[in-house]
Amino acid sequence: MSIKRIFVWLFRIRYVRGFGVQSPSAYRFIRYVINEHYPYYAYNDLKDCSSALTNNELRLYRLYFRLSNYMQASTWIDCSTKNNDVIRKYVNSGSVNTQFLYCDSVSSISDFDVLRVNCNQLDHEGFEHLISIASSHSMLIIEGIYSSKNSKELWKKIVDDERTGITYDLYDCGLVFFDKKKYKQNYIVNF
C-alpha cells in the first residue's frame, strides 16, 4: 500500500463501512455491496485469472463482481479497457445472465444498464449524452475521479447535476445512479 493510499484512507476514516449514513437502502448498499469483506463464492475460482493484478485492481474488480451480483443487469458496457478478459470474468461471475460488451466511444451507446468509463475518456458532451439515455435503473461507474484537476471538476459537475440521483464517491471510482424516486445525495465512502 502506497503512502498516498494510506493518507486517503486515514482522511476518509470517518466514512468507513457506512457510519453516519441515515438512508437504510444506502447503508445496506455501502455495507453489503461496496464494503463487503467476506469472501464470495467465486473469489477462489477467479484467483487464477487475477494473479497478475495489482492490489488496487483486484479490489476494484471484486467491487465490480459485487456490483454485477447486486445489479443483475442485462448488459454491462465497458469503455475503460479494451478486451480485458479478467474484468469480463469478474462481471460474468457476479451475474451469468449479464452480457458484457466493449465500447470505444461513449457517443456510440444508445442505452445502458451498467456502464464503466474512465474519467479521462468522459467530457461534458459525453456526459450529456449519457444523461439523455440513462434510465432509472442505470448505473454509471466512473474511474479516476481524482486523477486530475479536470477529473475532479467533472465529478463535481456530475454530483451537482439535478438529473443524477444518488452518487457514491469511492475515491478510486464514482458510482452514479439515476433513480429520481430516491432523495439526491452524495455519499463519500472509505473503500
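Residues numbered from 1 in each chain as written. Predicted model: local features only at pLDDT ≥ 70, side-chain atom pairs only at ≥ 80, totals over all residues. Heavy atoms only, no water.

## Here we look at the overall build of the protein
To keep it simple, the criterion reads: The secondary structure listing takes helices from DSSP runs of H or I that are at least 4 residues long and strands from runs of E that are at least 2 residues long, numbered from the N terminus. Restricting the calculation to C-alpha atoms gives the radius of gyration, and the globule rule supplies 2.2 Å times the number of residues raised to the power 0.38. Burial classification: accessible surface area is computed with a 1.4 Å probe over protein chains only, and a residue below 20% of its type maximum counts as buried, one above 50% as exposed, and the rest as partly exposed. The contact rule is simple, with two residues in contact once any of their heavy atoms fall within 4.5 Å. The method behind every accessible area is Shrake-Rupley, applied with a 1.4 Å probe, and residues are considered shielded solely by the protein chains displayed.
Helix and strand content of the protein: 7 helices and 7 strands. Written out in order from the N terminus, the α and β elements of the protein read α-α-α-α-β-α-β-β-α-β-α-β-β-β. Against the compact-globule benchmark of 16 Å for 191 residues, the protein has a radius of gyration of 16 Å, which places it among compact chains. Taken along its principal axes, the extent of the C-alpha atoms in the protein is 40 × 35 × 30 Å. For the protein, buried positions account for 48% of its 191 residues. Expressed as a percentage of contacts within the protein between residues at least 6 apart in sequence, the contacts between residues at least 24 apart total 63%. Just so you have it, the protein exposes about 10300 Å², and 53% of that area is on carbon and sulfur atoms.

## Some details on the pattern of salt bridges
Stated formally: What makes a salt bridge here is a side-chain nitrogen of Lys or Arg within 4 Å of a carboxyl oxygen of Asp or Glu, nothing more.
The tally for this structure, following the rule as stated, stands at 7 salt bridges. Salt-bridge contacts for Arg-88 lead to Asp-85; the nearest nitrogen and oxygen are separated by 3.4 Å. Here Asp-85 and Arg-88 lie together in helix α5 (residues 85-94), a separation of 3 residues that amounts to about one turn. Linked by salt bridges that have partners in common, Asp-78, Arg-116 and Glu-143 make up one network.

## Structural notes on the pairing of strand β6 (residues 173-177)
Here is the rule we go by: Strand pairing is defined by DSSP finding a minimum of two bridges between the two strands.
For β6, the tally of buried residues reaches 5 of 5 residues, placing the bulk of the element in the interior. A two-sided burial pattern is seen for β6, the buried positions comprising Cys-173, Leu-175 and Phe-177 on one face and Gly-174 and Val-176 on the other. Pairing analysis gives 3 bridges linking strand β5 (residues 167-169) to β6, with the strands arranged antiparallel. Along β6, the bridge assignment pairs Thr-167 with Val-176. Taken together, β5 and the strand that follows it, β6, pair antiparallel across an intervening segment of 3 residues, in which Tyr-171 is found at a positive phi of about 75 degrees.

Interpretation note: all reported values are geometric properties and have no functional meaning in isolation.
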